[in-house]
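Coordinate analysis (summary)
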Amino acid sequence: MNLPRAGARLQILLGHLGQPSAPAIVAQPVSGLASPASFHPEQFQYTLDNNVLSLEQRKFYEENGFLVIKNLVSDDDIQRFRAEFERICREEVKPPGIVIMRDVALAKQDYMLSDRIVSKIQDFQEDEELFRYCLLPEILKYVECFTGPNIMALHGMLINKPPDVGKKTSRHPLHQDLHYFPFRPSNLIVCAWTAMEHIDRNNGCLVVLPGTHKGTLKPHAYPKWEGGVNKMYHGIQDYDPNSPRVHLVMEKGDTVFFHPLLIHGSGRNRTQGFRKAISCHFGSSDCQFIDVSGTSQENIAKEVVEMAEKKYGFQGVMDFKDTWMFRSRLVKGERINI
Ligand SMILES: CCCCCCCCCCCCCCCCCC(=O)SCCNC(=O)CCNC(=O)[C@H](O)C(C)(C)COP(=O)(O)OP(=O)(O)OC[C@H]1O[C@@H](n2cnc3c(N)ncnc32)[C@H](O)[C@@H]1OP(=O)(O)O
Ligand SMILES: Nc1ncnc2c1ncn2[C@@H]1O[C@H](COP(=O)(O)OP(=O)(O)OP(=O)(O)O)[C@@H](O)[C@H]1O
Ligand SMILES: O=C(O)CCC(=O)C(=O)O
Ligand SMILES: [Fe+2]
Ligand SMILES: [Mg+2]
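Source: prediction; values computed, not measured. Each residue is numbered by its place in its chain's sequence as written, counting from 1. Whichever chain is written first is A, and whichever ligand is written first is 1; the rest continue in order. Since the coordinates come from a predicted model, pLDDT governs what is reported: local features require at least 70, and pairs of side-chain atoms require 80 or more to be given and counted, while whole-chain, interface and lining totals use all residues. Only hydrogens and water are set aside; all other atoms, that is, all heavy atoms of the structure, feed into the side-chain values.

Focus on the pairing of strand E12 (residues 255-258)
By the alternation rule, side chains of E12 split into Thr255 and Phe257 and Val256 and Phe258, which are all buried. A pair of strands counts as paired when DSSP detects no fewer than two bridges linking them. Helix and strand assignments follow DSSP, with helices taken as H or I runs no shorter than four residues and strands as E runs no shorter than two, numbered in order from the N terminus. The pairing of strand E1 (residues 66-69) with E12 spans 4 bridges and is classified as antiparallel. Bridged to leucine 67 within E12 is phenylalanine 257. Pairing of strand E7 (residues 189-195) with E12 involves 4 bridges; the strand directions are antiparallel. Pairing of alanine 192 across the sheet is with phenylalanine 257, part of E12. Whether a residue is buried, partly exposed or exposed follows from its accessible area with a 1.4 Å probe, protein chains only, as a fraction of its type maximum: under 20%, in between, or over 50%, in that order.

Next up, the structure:
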C-alpha cells in the first residue's frame, strides 16, 4: 500500500532537486508528479495516493488548493485548547519558546496580559496541552494525504482575532504561507486550521483565492494600510482584485487543510468577541531546506532572524533555517532532512 505513495514522494523530491538553483525553486512550483504506479487515471500533483480522501475530495484539493472537513475536532479538545490558551495569557504557564503577540492597535496600551489583549500565540511546540492539537490522529490522518508518512509539525498558532477597534488592524492581508518557509517542495507542506467556534464574515473568517496554489510564490511586503499593520503581516501587493474570493464559513471543530501557496487572508472582526482558531503547518521530513538569499523571501528571513536574535539574546549566529530547525517537532514516522 505504501509503494505508490513512496514512489510519488521520490518523484517529487527528484523533481525538486533537479531544479538548477534555489531561486528557480522558489519561482517554480514542482511539476510532473504523477506516480507511474498511480491507480488513478488522472495525474495528481498536490495529493498523494491514499485511502482517506474520496476521489471527489482529492480532485477538489487538486483544483482549489484547500479542503474543508466538517466537525473533525471534538468540543472537548477545543475546550482544552481554550483553557490552556487562557492559562498562557494569564501567565500561569510559560512554555519555553512561545511567542505572544498583541494586535498592533493595542500594543501601546498598558493592560495586563490577558485573553482580551493577545491576538495570537505562536510556537507552542513545548506546551504539551496545545501541542496535542498537532498530534490528534484525526488531523494527522488527513495531513498524511499531503505530506506522506514522515511528518514534522513546523509551526503552531492559536489565533485570537480581536474585535476591531475601528482601524481595521484585525485584518490579515492576503498572503501565501510559503513566504515564511525556507523548505521545499511546497506540495509536501500543508496547513491544518480548525475553527474553535462559529466563524463567518462578521468575526473575520478565512478568505481564500481558489486555485492560486497552482501559481508561484509572489513577492510580499507590508500593505500600506492607514490604521497600522501587525508585525510580520506581509501581504501580496499585486494580486488581481477581481479574482474570485471565497469566504470560508466554518463551525466549531471544522478544519480546513490548505496548500502553502494558496493565497488567503482574513477580514476584520466586527463583533465584540475574540474569534478563535488553532492551526499547525505540517511538512514531510523529506523536505529540504533552501537558501532564500536573493529571493523575494529575503525580507521576511531578515525580520525573523532579527526577532529570534532579540528573543534569545545572541547575534549573528543564526540564520533563517536555524530558526525553523529548532522549532519543528516530529509527530509521525522518522525525522529525515528537516
Ligand atoms: C526563533 C523564534 C522565532 C520566532 C519567529 C516568529 C515568526 C515566524 C512567523 C512564521 C509564521 C509562519 C506561519 C505562516 C504565516 C503566518 C503569518 C503570520 O502570522 S506572521 C507572524 C505574525 N507576527 C509575529 O509573529 C510577530 C512576532 N512577534 C513579535 O515580533 C513581537 O511579538 C512584537 C514585536 C510584535 C511584540 O514584541 P513584545 O516584546 O511582545 O512587545 P513590546 O511590548 O516590547 O513591544 C515592542 C515594540 O513592538 C511594538 N508592537 C507590539 N505589538 C506589535 C504588533 N502586533 N505589530 C507591530 N508592532 C508591535 C510595540 O508597540 C513596541 O514598539 P516600540 O515601542 O518599540 O516602537
Ligand atoms: N482590495 C483589497 N486589497 C487588498 N487586500 C484586500 C482587498 N480586499 C480584501 N483584502 C484582504 O483580504 C481580507 C479579507 O477580505 P474581506 O473582504 O473578507 O474582509 P474585510 O474587507 O475585512 O471585510 P468585508 O469585506 O467583509 O467588509 C481583508 O482583510 C484584506 O486583508
Ligand atoms: O486569521 C487567521 O486565522 C489566519 C491567519 C493566517 O493566515 C496566518 O496566520 O497565516
Ligand atoms: Fe496564513
Ligand atoms: Mg472587504
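Following the structure, the description resumes.
A few points about the coordination of the iron ion (ligand 4)
Coordination shells were defined by N, O and S atoms within 2.8 Å of each metal, extended to 3.2 Å for Na, K and Ca; water is absent from the atom set, which can make sites look incomplete. His175 (NE2), Asp177 (OD) and His264 (NE2) make up the full set of protein donors to the iron ion (ligand 4), lying at 2.1 to 2.2 Å. Each donor residue of the iron ion (ligand 4) lies on the same chain, and together they follow the pattern H-x1-D-x86-H. Placement of the pair is aspartate 177 in the loop between strand E5 (172-175) and strand E6 (183-184) and histidine 264 in strand E13 (residues 264-266), with a sequence separation of 87 residues. In this structure aspartate 177 comes out as buried when scored by relative accessible area, which is 7%.

Quick notes on the packing of aromatic side chains
Two rings from Phe, Tyr or Trp (for Trp, the six-membered ring) form a pair when their centres sit within 6.5 Å of each other. Planes less than 30 degrees apart are called stacked, planes more than 60 degrees apart edge-to-face, and all others tilted. Using the criterion set out here, one finds 11 aromatic pairs in the structure. Pairing phenylalanine 81 with tyrosine 133 gives two aromatic rings, centres 5.9 Å apart and planes at 90 degrees, and the pair type is edge-to-face. Here tyrosine 133 lies in helix H5 (residues 128-135) and phenylalanine 81 lies in helix H4 (residues 75-89), a separation of 52 residues in the sequence. One exposure class covers both phenylalanine 81 and tyrosine 133, and it is buried. When the ring of phenylalanine 183 is compared with that of tryptophan 324, the centres are 5.8 Å apart and the planes differ by 80 degrees; the resulting orientation is edge-to-face. Here the residue phenylalanine 183 occupies a position in strand E6, and tryptophan 324 occupies one in helix H8 (residues 320-325), the gap between them amounting to 141 residues. Working rule: Lys NZ or Arg CZ, within 6 Å of ring centre, within 35 degrees of ring normal, means a charge sits over the ring. Looking at arginine 329, its charged tip hangs above the ring of phenylalanine 131, at a distance of 4.0 Å from the centre.

With respect to the site of ligand 3
Throughout this document, a residue counts as near a molecule or strand when at least one of its heavy atoms sits within 4 Å of that molecule or strand. Neighbouring residues of ligand 3: Lys120, Met157, Ile159, His172, His175, Asp177, Trp193, Leu206, His264, Ser266 and Arg275. For the purposes of these results, a polar contact is taken to be a pair of N or O atoms within 3.5 Å, where, inside protein, one atom must be able to donate a hydrogen and its partner to accept one; residues adjacent in sequence count only when each atom of the pair is a side-chain atom. At 3.1 Å from an oxygen atom of ligand 3 is found a side-chain nitrogen or oxygen belonging to tryptophan 193. Here an oxygen atom of ligand 3 sits 2.5 Å away from a polar atom, N or O, in the side chain of arginine 275. Surface accessibility in these figures is a Shrake-Rupley result with a 1.4 Å probe; residues are shielded only by whichever protein chains are displayed. Within the complex, 95% of the 300 Å² of free accessible area of ligand 3 lies under protein. Secondary structure elements with two or more residues in the shell around ligand 3: strand E4 (151-161), E5 and E13. Here the shell around ligand 3 is built from residues that sort into 4 nonpolar, 4 polar and 3 charged. Each residue is assigned to one class: nonpolar for Ala, Val, Leu, Ile, Met, Phe, Trp, Tyr, Cys and Pro, charged for Asp, Glu, Lys and Arg, and polar for all the others, Gly among them.

Here we look at the side chain of aspartate 49
Relative to the assigned elements, aspartate 49 resides in the loop between helix H2 (22-27) and helix H3 (55-64). With relative accessibility at 13%, the residue aspartate 49 sits in the buried group. In terms of polar contacts, aspartate 49 uses its side chain to reach the side chain of arginine 58, at 3.0 Å.

What about the sheet that holds E5?
Here 4 strands make up an open sheet; going across it, the order is E5-E13-E8-E11 and the pairing antiparallel. A single partner strand is all that each edge strand has here, and the edge strands are E5 and strand E11 (246-248). The sheet shows a mean angle of 25 degrees between the axes of neighbouring strands, taken without regard to direction. Pairing of E5 with E13, which is carried by 2 bridges, proceeds in the antiparallel orientation. Its bridge partner being in E13, histidine 172 is matched across the sheet by serine 266. Here an angle of 0 to 180 degrees is reported between the N-to-C directions of two axes, which are lines fitted to C-alpha atoms, with helices fitted over the stretch in contact.

Topic: the environment of phenylalanine 181
With respect to the element layout, phenylalanine 181 can be found in the loop between E5 and E6. Phenylalanine 181 sits 143 residues away from tryptophan 324 along the chain, and the two C-alpha atoms are 8.1 Å apart. By the convention used here, residues are in contact when the closest approach between their heavy atoms is within 4.5 Å. In this structure phenylalanine 181 touches Ile189, His281, Gln297, Phe320 and Trp324, once residues within four positions along its chain are discounted.

Brief notes about a positive patch on the surface
Only residues whose relative accessible area exceeds 30% and that form no salt bridge enter a patch; like-charged residues are grouped when within 9 Å of one another, and nonpolar side chains (Val, Leu, Ile, Met, Phe, Trp, Tyr) when within 5 Å. Salt bridge, as used here, is a side-chain nitrogen of Lys or Arg placed within 4 Å of a carboxyl oxygen of Asp or Glu. In this tally Asp and Glu are treated as negative and Lys and Arg as positive; neither His nor the chain ends contributes. The location of each charge is read from NZ of Lys, CZ of Arg, CG of Asp or CD of Glu. On the surface, Lys168, Arg201, Arg245 and Arg270 cluster together into a patch of positive charge. Within the secondary structure, arginine 245 is located in the loop between strand E10 (235-236) and E11. Residue arginine 245 is classed as partly exposed on the basis of its relative accessible area of 40%.

Some points on helix H7 (residues 298-312)
The span expected for a helix works out to 1.5 Å for each residue beyond the first. Counted at 1.5 Å a residue, the expected span for H7 with its 15 residues is 21 Å, and the 21 Å between its end C-alpha atoms agrees. Every buried residue of H7 is listed here: Ile300, Ala301, Glu303, Val304, Val305, Ala308 and Glu309. Close packing links the buried residues of H7 with H8. Glycine 313 sits one or two residues past H7 and shows a positive phi near 70 degrees.

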